[in-house]
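Structural overview
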Amino acid sequence: MSFSPSLRGSVLMATAMAGFSLNDALTKFLTLHMNFGQVMLVRGLFAVVLIGALATQRKALRPLRILFVPSVALRVFGEIGGTVTFLASLAHLPLANVSSIFQSLPLAITLGAALIFGEQVGWRRWLAIAAGFVGVLIVVRPGVEGFNQFSLLALLSVAFCTVRDLATKRIPTEIPSLFVTFLTTIVVTIVGAILLVPLGGWTPPSNGALALLLLAAVLVLIGYQCVILALRAGDISAVAPFRYSQLLWAMLLGYLVFGDVPDGPMVLGASVIVLSGLYAFHRERVRNRLPAASAPSMPPDGL
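What comes next is a walk through the structure. Since we're looking at a predicted model, the values are computed, not measured.

Examining the overall build of the protein
Helix and strand content of the protein: 12 helices and zero strands. Going from N to C terminus, the protein has its helices and strands arranged as α-α-α-α-α-α-α-α-α-α-α-α. The C-alpha atoms of the protein give a radius of gyration of 18 Å, which matches the 19 Å a tight globule of 303 residues would have. When the backbone C-alpha atoms are referred to their principal axes, the protein occupies close to 50 × 50 × 45 Å.

Things to note about unusual backbone geometry
Glycine aside, residues mostly have negative phi angles, and peptide bonds mostly take the trans form. Phi is positive for Lys59, which is not a glycine, with a value near 55 degrees. Note that Lys59 resides in the loop between helix 2 (36-57) and helix 3 (70-90). The class for Lys59 is exposed, based on a relative accessible area of 68%.

Examining the pattern of salt bridges
Enumeration according to the criterion identifies three salt bridges in this entry. Residues Glu79 and Arg164 are paired through a salt bridge, measuring 3.0 Å at the closest nitrogen-oxygen approach. Highlighted residues: Glu79 in helix 3 and Arg164 in helix 7 (residues 150-168), separated in sequence by 85 residues. Of the two residues examined, Glu79 and Arg164, each falls in the buried class. Salt bridges sharing partners connect three or more residues here, namely Glu79, Arg164 and Asp165.

Comments concerning the nonpolar core
If you look at soluble globular proteins, the nonpolar side chains tend to sit buried side by side. In terms of nonpolar packing, the biggest core is built from 34 residues, with Met40, Phe86, Leu95, Val98, Ile101, Phe102 and Val158 touching the most fellow members. Among the elements that line this core, the one with the most residues is helix 4 (residues 95-102), at five residues. Counting residues in each nonpolar core, the second largest holds 18 residues, with Ala60, Val76, Leu178 and Leu183 among its members.

Observations regarding the environment of Phe147
Locating Phe147 in the fold gives a position in the loop between helix 6 (123-140) and helix 7. Those residues in contact with Phe147 that sit more than four places away from it in its chain are Val140, Arg141, Pro142 and Leu152.

Here's the deal with the environment of His282
Examined against the element boundaries, His282 turns out to sit in helix 12 (residues 264-286). Distance from His282 to Asn35, taken between C-alpha atoms, is 41 Å for residues 247 residues apart in sequence.

Brief notes about the packing of helix 2 against helix 8 (residues 177-196)
In contact at an axis separation of 8 Å, helix 2 and helix 8 are set at 155 degrees when each is read in the N-to-C sense. In terms of orientation, helix 2 lies roughly antiparallel with respect to helix 8. Handedness of the crossing formed by helix 2 with helix 8: left-handed. In terms of residue class, the contact of helix 2 with helix 8 is made up of 17 nonpolar, eight polar and no charged.

Digging into the packing of aromatic side chains
Each aromatic ring pair is characterised by the separation of its centres together with the angle its planes make. This model, assessed by the stated rule, comprises four aromatic pairs. Cation over ring: Lys28 sits above Phe258, and NZ or CZ is 5.4 Å from the ring centre. Over the aromatic face of Phe117 sits the side chain of Arg170, whose NZ or CZ is 3.8 Å from the ring centroid.

Structural notes on a nonpolar patch on the surface
Together, Phe29, Leu32, Trp249, Leu252, Tyr255, Leu256, Val257 and Val261 make up an exposed nonpolar region whose accessible area comes to about 800 Å². When residues in the nonpolar patch are grouped by element, the largest group, five residues, is from helix 11 (residues 245-258).

Here we look at the packing of helix 1 (residues 5-30) against helix 11
Two elements in contact, helix 1 and helix 11, have axes separated by 9 Å at closest approach and are oriented at 35 degrees. Considering the relative orientation of helix 1 and helix 11, their crossing is right-handed. The residues of helix 11 that touch helix 1, namely those facing Ala14, Met17, Ala18, Phe20, Ser21, Leu22, Asp24, Ala25, Lys28 and Phe29, are Ser245, Gln246, Trp249, Ala250, Leu253 and Phe258. Here the contact of helix 1 with helix 11 is built from residues that sort into 11 nonpolar, three polar and two charged.

Rules used in this analysis
Residues numbered from 1 in each chain as written. Predicted model: local features only at pLDDT ≥ 70, side-chain atom pairs only at ≥ 80, totals over all residues. Heavy atoms only, no water. Helix = DSSP H or I, 4+ residues; strand = E, 2+ residues; numbered from the N terminus. Rg over C-alpha atoms; globule rule 2.2 N^0.38 Å. Buried < 20%, exposed > 50% of the residue type's maximum accessible area, 1.4 Å probe, protein only. Salt bridge = Lys/Arg side-chain N within 4 Å of Asp/Glu carboxyl O. Core = buried A, V, L, I, M, F, W, Y, C linked by side-chain atoms within 4.5 Å. Contact = heavy atoms within 4.5 Å. Axes fitted to C-alpha atoms, helices over the stretch in contact; angles between N-to-C directions. Parallel < 35°, antiparallel > 145°, perpendicular 65-115°, else oblique. Left-handed = near helix turned anticlockwise from the far one by under 90°. Nonpolar A, V, L, I, M, F, W, Y, C, P; charged D, E, K, R; others polar. Phe/Tyr/Trp six-rings, centres within 6.5 Å; stacked < 30°, edge-to-face > 60°. Lys NZ or Arg CZ within 6 Å of the ring centre and 35° of its normal. Patch = residues over 30% accessible without salt bridge, like charges linked within 9 Å, V, L, I, M, F, W, Y side chains within 5 Å. Areas by Shrake-Rupley, 256 points an atom, 1.4 Å probe, with all protein chains shown as cover.

Rendered as structure tokens:
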């Protein structure tokens with residue numbers, strides 16, 4: 001049975017979001033048994049081996065001095081900050097709440113591109129951005145009883161990821177993306193080792209925990225590859241909206257694995273974020289500008 005390019009791309013995007021959500025669920029589960037610095041270190045070691053082998057096979061390895069290219073260094077900085085704050089929030093918040101906040105990432109990228117790069121944003125998209133961040137406030141609920149200070153870390157992670165993605169747009173085209181990913185993973189793994197002692201030290205992992213960490217690294221790698229294939233296979237207008245399936249996966253896994261039931265404000269806020277993101281995407285498509293819309297809303301994973 002043959003599929004159209006757009007249908008194939010949509011399936012790949014949905015598969016990528018499932019992979020990212022499963023990785024997040026595994027990571028959150030593992031933080032119950034070890035600190036997130038250890039998760040960064042061990043998962044990162046697995047990822048370095050996997051990505052290094054893939055980069056070698058694709059002849060994407062380059063000199064390590066590329067790390068000192070300003071745009072590459074800024075991307076790595078954004079990934080480090082995003083990873084640390086993301087894992088800290090994920091350890092203390094329901095999976096669906098963190099995922100909901102991260103659905104605002106494409107809107108934040110659009111805002112950053114307008115403020116930093118001077119990209120034209122019409123009033124309709126400005127309204128969509130404002131509505132999206134109102135949705136974030138509904139999820140976060142600052143100043144009310146349901147507020148959790150770790151929500152601020154999730155918001156800070158979105159800011160770091162915005163820096164990461166905007167810096168990525170300025171990386172010279174002759175530098176392979178896979179090698180940038182390889183460098184980023186190495187540095188994030190080193191940061192995990194540095195954080196290990198301040199966060200409580202080493203906890204001997206069981207064989208099962210090691211297997212789950214390896215699976216998490218594989219899922220993230222599969223997710224990233226599926227995103228690339230999805231955006232290459234089909235029209236962005238058909239593929240990109242499927243990034244929001246990550247929120248459905250997060251709700252389902254949060255309920256099945258952790259027993260978390262989304263409350264009314266979380267569902268309302270998430271709906272506002274998704275609808276504003278879809279409208280902003282629609283306006284970008286109308287104007288034939290799709291850089292932010294094509295972003296898959298990927299939280300940081302050291303990859």
